[in-house]
Amino acid sequence: MATAFGRKLCCDLIQTHFGDLVQKVVKELAYRGPLALQDIARFSGLNAAALKSSILVLVQHSCVQAFKVEHEGVGTAPARTSTSYVAISDNILHRMRFPKFLMVVREELGEEAESLVEGLLEHGRLTLEQIIQRTAAKAGKAEGQLAKEVKETFRSLVEAHFIERCPAAEPSLQPKDAQEPPKKVPRGAAKVRGPILDAQDAGAEVIQRILRAASASETERFQLPITMVTLSDPALANDLVDSAPTGQKRKHETLKMDSKTAAAVDEKEVLWRVNYEEFLRKLRHQTCVEMVKTRIDTGAAAILSAMLQVTRKQETSARQHYSVPLSMDAIVQAVRSSPEGQHMPLERIRGVVSQLAADGIGYLSRSGERAGPSDGGNSYAINMRNIIEARQKNEVEGIILQRFGRECCRIYRLLSIKGQLEQKQIGERAMAPKNVKELLYRLLKEQYVQVQVCACSPPFSFQLSMSVASDF
């Protein structure tokens, strides 16, 4: 869940991209949490037509997720179900990274893939048929002339996990106690069912529960349309039709659809969108490699890049702190398989791995240190958390250097190492005894440092108050 500054930034982004009316809806959802449609109308003051149009725009661009909430009946009244909406602040903030997303696609898959992703970012979600129509209209050609090329590019994007099928439109949020084993209830006591959104739920936890209920499995998210499976493997396409739900099987049997007709239906109905998590993972990996290259050298960056490439499939989250452990033999094999490290000597690889795992750097963690001596300490995991934090610190230092100069940057580095110092100590150690008071005031005014009152004399000491949110 976004912080106060993050919520304000979300509202500003939506206002810039979609206008004031849509911004009112996001503001209420961002600051109040999940709301029903009538509550949004009451708080925002929008009429029914404007409110529905705003909700549709936000859902189309994956900025808002609808979900069903089950309400228990009171007395003899039956239970009822209502639809509520929640703002997805992470997806709203990702809109600032759209140019970086396009750059990543262009570097990996070419300009044609960039054009397809650009269309999805512009329209939020599209069917395959709409993607082909947009590409043909942009190129000024007939759809039949570009359909095959567009489908091949589309296939490469799905296989690279850059785009995915859209989640469920209105998932049902299950009660917590429905997932827990039933507890024994004394005889004669009434069985009370827990509420869907109880008071103990934090905002971030509620959003994660909603997103988990809406998301499909890994196989379903990246399942290609039937027409593409048919072209590559007709037998596999028949298996997909046979494994479809009973309702879909009956539909195919009743209408006597062949594979081409079924593929046409799939192209016109299934919506696709950009997979933000994969782009975040790519940008995060690039940041880690660039940080190691800056801190050590190109060879160390090549080794880390090879390790990230091997452990990519085992990552379960784009914000994962550690990669899966790799043995030294697996690291050597991964490095030798990469173009940059195929001629790297074994001693060089082992030396760089030991250097990255040293206490002063900590970019690699020995599995024995994290999981206990049973692992033997012969495996290494990438400590992406330490690398990202080091990069964030460098970014903040760069901002301070640019805004306030070298002396303020030295003060920031000193406080980041020592944690808390008095004004006299800062002036002596940062080599700025004359104007240290003025420099500290400038940093204090911009909230890069804060003053803490101590019981000792002198009564004031300074410490860092600046923290950068990890959102790579």
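Scroll up for the structure.
I will try to describe carefully the structure that is included in this document. Bear in mind the structure is a predicted one, so any value in this text is a computation, not a measurement.

1. Describing the pattern of salt bridges
Overall, the coordinates contain 19 salt bridges when judged by the stated rule. Among the salt bridges present, the one from lysine 8 reaches aspartate 12, with a minimum N-O distance of 3.3 Å. With lysine 8 and aspartate 12 both in helix 1 (residues 4-18) and four residues apart, this pair spans about one turn of that helix. Overall, lysine 8 belongs to the partly exposed group, its relative accessible area being 47%. Residue aspartate 12 is classed as partly exposed on the basis of its relative accessible area, which comes to 32%. Residues glutamate 122 and arginine 134 are paired through a salt bridge, measuring 3.5 Å at the closest nitrogen-oxygen approach. One end of the pair, glutamate 122, is in helix 7 (residues 111-123); the other, arginine 134, is in helix 8 (residues 128-139), and 12 residues separate them in sequence. Its relative accessible area of 48% is what places glutamate 122 among the partly exposed residues. Put simply, Glu278, Arg281, Arg312 and Glu315 are held in one network by salt bridges that share partners.

2. Things to note about unusual backbone geometry
Of note in this structure, serine 62 is not a glycine but carries a positive phi near 60°. Along the chain, serine 62 turns up in the loop between helix 4 (48-60) and strand 2 (64-71). Since its relative accessible area comes to 5%, serine 62 is described here as buried.

3. What to know about the state of the cysteines
Counted according to the given criterion, the structure contains zero disulfides. The closest cysteine sulfur to the non-disulfide-bonded cysteine 11 is located on cysteine 10, 6.8 Å from its own sulfur.

Scoring rules and cut-offs
Residues numbered from 1 in each chain as written. Predicted model: local features only at pLDDT ≥ 70, side-chain atom pairs only at ≥ 80, totals over all residues. Heavy atoms only, no water. Salt bridge = Lys/Arg side-chain N within 4 Å of Asp/Glu carboxyl O. Helix = DSSP H or I, 4+ residues; strand = E, 2+ residues; numbered from the N terminus. Buried < 20%, exposed > 50% of the residue type's maximum accessible area, 1.4 Å probe, protein only. Disulfide = S-S within 2.5 Å.

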